[in-house]
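Inside the fold
Read off the chains here:
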Amino acid sequence: MKIGFIGLGNMGAPMAANLAKSHEVTGFDTVAAPEGIALAQSAADAARDADVVITMLPNGDILRQVAAEIHPAMKSGAIHLDCSTVDVESARAVAAQAQGNGLSAIDAPVSGGIGGATNGTLTFMAGGPADAFATVQPLFDIMGQKAVHCGPAGNGQAAKICNNMILGVTMIATCEAFVLADKLGLDRQAMFDVVSTSSGYSWSMNAYCPAPGIGPQSPADNDYQPGFASELMLKDLRLSQMAAEAADADTPMGQAATALYQQFVEEEDGKGRDFSAMLPRFESRHRG
Ligand code: NAD
């Protein structure tokens, strides 16, 4: 398969490198120029001969700009596979535009972060036509360990933001519970041992414990170096609230989590720290 890969940043570069081991990959990025990937002069040049064009870009506005540039250049029947995390509306607009140009589009945001991109162990949640999903499945198999087809265009993004809204909320709940436990004189290890095997368990507690020295290795054990940076969590929470607003869904916990991460990133010291650094944040505060 000939692949165009646009957006060779922290995630895109290692994903493209994994694909380049067994496919012909031509990349393009306005800034990054990673070694080991053939580079084109423009996004349209990277897309022109490709059977599948993958985009891994910062946001929906940039995705729309790039889609407007590459769709007219792509060959008929080719597939635009967008793996960026963007708003549901942009994903659906890009899919409609692709269809108008005789192309197929799949939105397939990822979970797994830079480690997953490097090791080829990402999880993809995909929206779009079933036949196009089947065509790109071998690429998912190279870049990741699992791909779930979630329905029509935009449903991959819908799944991603619902998942990450749960993640943001459970991380905050886990961090505030640790601080309450501290103040009640409950040992953190005992707290972990109970919660991780009781009904309060979650990925945030069991796999990514925000308390240093407790549970499996996590960014808490590395002074809260990300990991998954707080500003990326804020981005995803904002997308969840944009979608909730547009769909008239009542999401009070998602709204509260968005407000807390916004405060943490924009007014406190959260920027550049892992999203589990909510724990030391709560430690330093008093009841409001
Ligand atoms: P990044 O900023 O490192 O990479 C984005 C790349 O896009 C940059 O290299 C930038 O130069 C390039 N770019 C911007 N505008 C462009 C244009 N018009 N044409 C070509 N290239 C352009 O970001 P990232 O961490 O690689 O994340 C990419 C996407 O993946 C985002 O949507 C992010 O939310 C999502 N994501 C990131 C992580 C993570 O842990 N980093 C995890 C899951 C999902």
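Residues numbered from 1 in each chain as written. Predicted model: local features only at pLDDT ≥ 70, side-chain atom pairs only at ≥ 80, totals over all residues.

1. Considering the site of the ligand
Where we set the bar: Placing the C-beta atom from the backbone, one calls a residue near a molecule or strand if that atom lies within 6 Å of it. By the criteria applied, helices consist of DSSP H or I runs no shorter than four residues and strands consist of E runs no shorter than two, each listed in order from the N terminus. Throughout, the ten residues Ala, Val, Leu, Ile, Met, Phe, Trp, Tyr, Cys and Pro are labelled nonpolar, Asp, Glu, Lys and Arg are labelled charged, and all others, Gly among them, are labelled polar. By convention here, the domain bounds are inherited from an automatic or database domain assignment.
Contacts to the ligand come from 27 residues, most closely from Gly-9, Asn-10, Met-11, Ser-84 and Thr-85. Listing elements by their share of the shell around the ligand, those giving two or more residues are helix H3 (60-70), helix H5 (113-119) and helix H10 (230-247). Sorting elements by how many residues they give to the shell around the ligand places H3 first, with three residues. In terms of residue class, the shell around the ligand is built from 16 nonpolar, nine polar and two charged. Here the shell around the ligand spans two domains, and each of domain 1 (2-153) and domain 2 (158-284) adds at least three residues to it.

2. Remarks on the domain arrangement of the chain
Put simply, the rule reads: C-beta atoms are first placed from the backbone for all residues, and any pair lying within 7 Å is then listed as a contact.
Partitioning the chain into domains gives domain 1 (2-153) and domain 2 (158-284). Inter-centroid distance (C-alpha atoms) of domain 1 to domain 2 is 29 Å. Each partner contributes residues to the interface: domain 1 has nine residues there, and domain 2 has ten residues. Of the residues that constitute the side of domain 1 that touches domain 2, the class distribution is four nonpolar, three polar and two charged.

3. As for the nonpolar core
Put simply, the rule reads: As used here, a nonpolar core is made of buried Ala, Val, Leu, Ile, Met, Phe, Trp, Tyr and Cys residues. They are joined through C-beta atoms within 7 Å. Comment: burial labels come from other C-beta atoms within 10 Å of the residue's own C-beta, placed from the backbone, where a count of 20 or more is buried, 12 or fewer is exposed, and between is partly exposed.
The biggest cluster of nonpolar side chains holds 92 residues, and the ones touching the most others in it are Ala-16, Val-52, Val-53, Leu-81, Ile-106 and Val-136. With ten residues, the single largest contributor to this core is helix H7 (residues 155-183). When sequence neighbours within four positions are dropped, the list of residues in contact with Ala-16 reads Phe-5, Leu-8, Val-25, Gly-27 and Ile-37.

4. Let's talk about the UniProt feature "domain: 6-phosphogluconate dehydrogenase NADP-binding" (unreviewed entry) in the chain
Which entries qualify depends on this criterion: UniProt positions are given in the numbering used here, feature names are shortened, and annotations may be inferred rather than shown by experiment.
Per the UniProt record, "domain: 6-phosphogluconate dehydrogenase NADP-binding" (unreviewed entry) is found at residues 2-151. Between the C-alpha atoms that bound residues 2-151 the distance is 26 Å, and the span itself is 39% helix and 25% strand.

5. Let's talk about the sheet that holds strand E7 (residues 110-111)
Note the threshold: Pairs of strands are assigned from DSSP output, requiring at least two bridges between the strands.
In spatial order, the strands read E7-E8-E9; together these three strands make up an open sheet with mixed pairing. Of all the strands in the sheet, just E7 and strand E9 (144-149) have a single pairing partner and so form its edges. The pairing of E7 with strand E8 (residues 122-126) spans two bridges and is antiparallel. Looking at E8, one finds that Val-110 is bridged to Phe-124.

6. Here we look at the UniProt feature "active site" (unreviewed entry) in the chain
The UniProt feature table records "active site" (unreviewed entry) at Lys-160. Here Lys-160 lies in helix H7. When near neighbours in sequence (up to four residues on either side) are disregarded, Lys-160 contacts Thr-85, Pro-109 and Met-125.

7. Digging into the environment of Val-86
By secondary structure assignment, the location of Val-86 is in the loop between strand E5 (79-82) and helix H4 (88-100). With 27 C-beta atoms packed within 10 Å, Val-86 lands in the buried category. In this structure, the C-alpha to C-alpha distance between Val-86 and Glu-267, residues 181 residues apart in sequence, is 24 Å. Apart from residues no more than four positions distant in its own chain, Val-86 is found in contact with Asn-59, Gly-60, Leu-63, Ala-91 and Gln-157.

8. Focus: unusual backbone geometry
The omega torsion across Pro-226 and Gly-227 is 15 degrees, close enough to zero to call that bond cis. Tracing the backbone shows Gly-227 in the loop between helix H9 (203-206) and H10. At Tyr-224, a residue that is not glycine, the phi angle is positive and equals roughly 65 degrees. Within the fold, Tyr-224 resides in the loop between H9 and H10. If you check the backbone angles, Asp-248 has positive phi at about 55 degrees while not being a glycine.

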